[in-house]
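Residue-level structural notes
One-letter residues, chain by chain:
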Amino acid sequence: MQLRMRFVLALLSLLLTSSVFAQGERSDFPNYGLGSLAISSTPGTQGGAAGAFWNPAAWAAMHGWEASFSWNDRNLIEHRMDDWGLFLGGHGLGFGMKRGTLVSPDTSFIEDYQFALGGGDPGWYWGLAYGWSKGRTDWLHRDQYLSWGAIYRPLRYLSIGSAASYGLNDGDYRAILDAGVRPLGTHRVTAFADAAFGR
């Protein structure tokens, strides 16, 4: 009965997330396509601190505390670290920060921050996050937002993740869905796919 209830909750989570699908992705939220390049798979299959920035349920899925640092070594400004991120947390609590350099009229930056809280038990995790930005938000628009995420792992061979974000000022949406299959039952071989949609 409990497995059936978890399956129903995961299905409802996916339906809720898919109900906010639209076309394209605006910059009201951190860019998932570019930002998720720092993780080796998808937020729901990899989890970890860096993945939790995109799906806050990953904070609850972690087995302990973790600190993660990402850095893109392309140099827009010489002798300066342009694009980097710092992610800290575990046991359902998390903080993430990403800094990106903008090729704006004055070549400045934008910083995206996030605090998150999550819970659940093995096989079913949830998370809620609040995000905001600093820097040239007037040039590359950003909105304060809330994100809700879920990760469903009914077997060690399968992981399904979903996350939905809602802009608190502009009312824009973003949804992320991902799935991963582990034929050997471990992370060593994982086939995964993801999609992000927004308005």
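The preceding data block contains the structure.
All values reported here derive from a predicted model rather than from experimental measurement.

The rules behind each value
Every residue gets a number counted from 1 within its own chain, in the order that chain's sequence is written. For this predicted model, a pLDDT threshold of at least 70 governs which residues receive local features, and a threshold of 80 or more governs which side-chain atom pairs are given and counted, while totals over whole chains, interfaces and linings are taken from all residues. Side-chain numbers come from the whole structure's heavy atoms, not from hydrogens or water. The salt bridge criterion pairs a side-chain nitrogen of Lys or Arg with a carboxyl oxygen of Asp or Glu, the two atoms within 4 Å. A run of H or I in DSSP counts as a helix once it spans at least four residues, and a run of E counts as a strand once it spans at least two, with each numbered from the N terminus. In this scheme, a residue with accessible area under 20% of its type's maximum is buried, one over 50% is exposed, and one in between is partly exposed, where area comes from a 1.4 Å probe on protein chains only. Exposure above 30% relative accessible area and the lack of any salt bridge qualify a residue for a patch; like charges then connect within 9 Å, and the nonpolar side chains Val, Leu, Ile, Met, Phe, Trp and Tyr within 5 Å. Accessible surface area values rest on a Shrake-Rupley calculation with a 1.4 Å probe, where residue burial reflects the displayed protein chains alone. Should DSSP find at least two bridges between two strands, the strands are taken to pair. Inter-axis angles, ranging from 0 to 180 degrees, are taken between N-to-C directions of lines fitted to C-alpha atoms, where helices are fitted over the stretch in contact.

Let us now look at the pattern of salt bridges. The tally for this structure, following the rule as stated, stands at 2 salt bridges. Close ionic contact of arginine 99 with glutamate 111 constitutes a salt bridge, the shortest N to O distance being 2.9 Å. Placement of the pair is arginine 99 in strand E3 (residues 93–101) and glutamate 111 in strand E4 (residues 109–121), with a sequence separation of 12 residues. Across the pair, exposure class does not vary: arginine 99 and glutamate 111 are buried alike. A salt bridge links aspartate 112 to arginine 142; its shortest N-O distance comes to 2.8 Å.

With that out of the way, let us pick up a nonpolar patch on the surface. On the surface, a nonpolar cluster with roughly 860 Å² of combined accessible area is contributed by Trp65, Leu93, Leu117, Trp126, Leu128, Tyr130, Leu146, Tyr166 and Leu168. Ranked by the residues each element gives to the nonpolar patch, the list is headed by strand E5 (residues 124–135), at 3 residues. Within the element layout of this structure, tryptophan 126 appears in strand E5. Note on tryptophan 126: relative accessible area 34%, which makes it partly exposed.

Below, the discussion takes up the sheet that holds strand E2 (residues 83–90). An order of E1-E2-E3-E4-E5-E6-E7-E8-E9 is seen for the 9 strands of this open sheet, with the pairing classed as antiparallel. Edge positions in the open sheet fall to strand E1 (66–72) and strand E9 (191–198), since each of these has one partner strand only. Strand-to-strand twist of the sheet, defined as the mean angle between neighbouring strand axes without regard to direction, takes the value 15°. Pairing between E2 and E3: 7 bridges, direction antiparallel. Counterpart to leucine 86 in the pairing with E3 is methionine 97.

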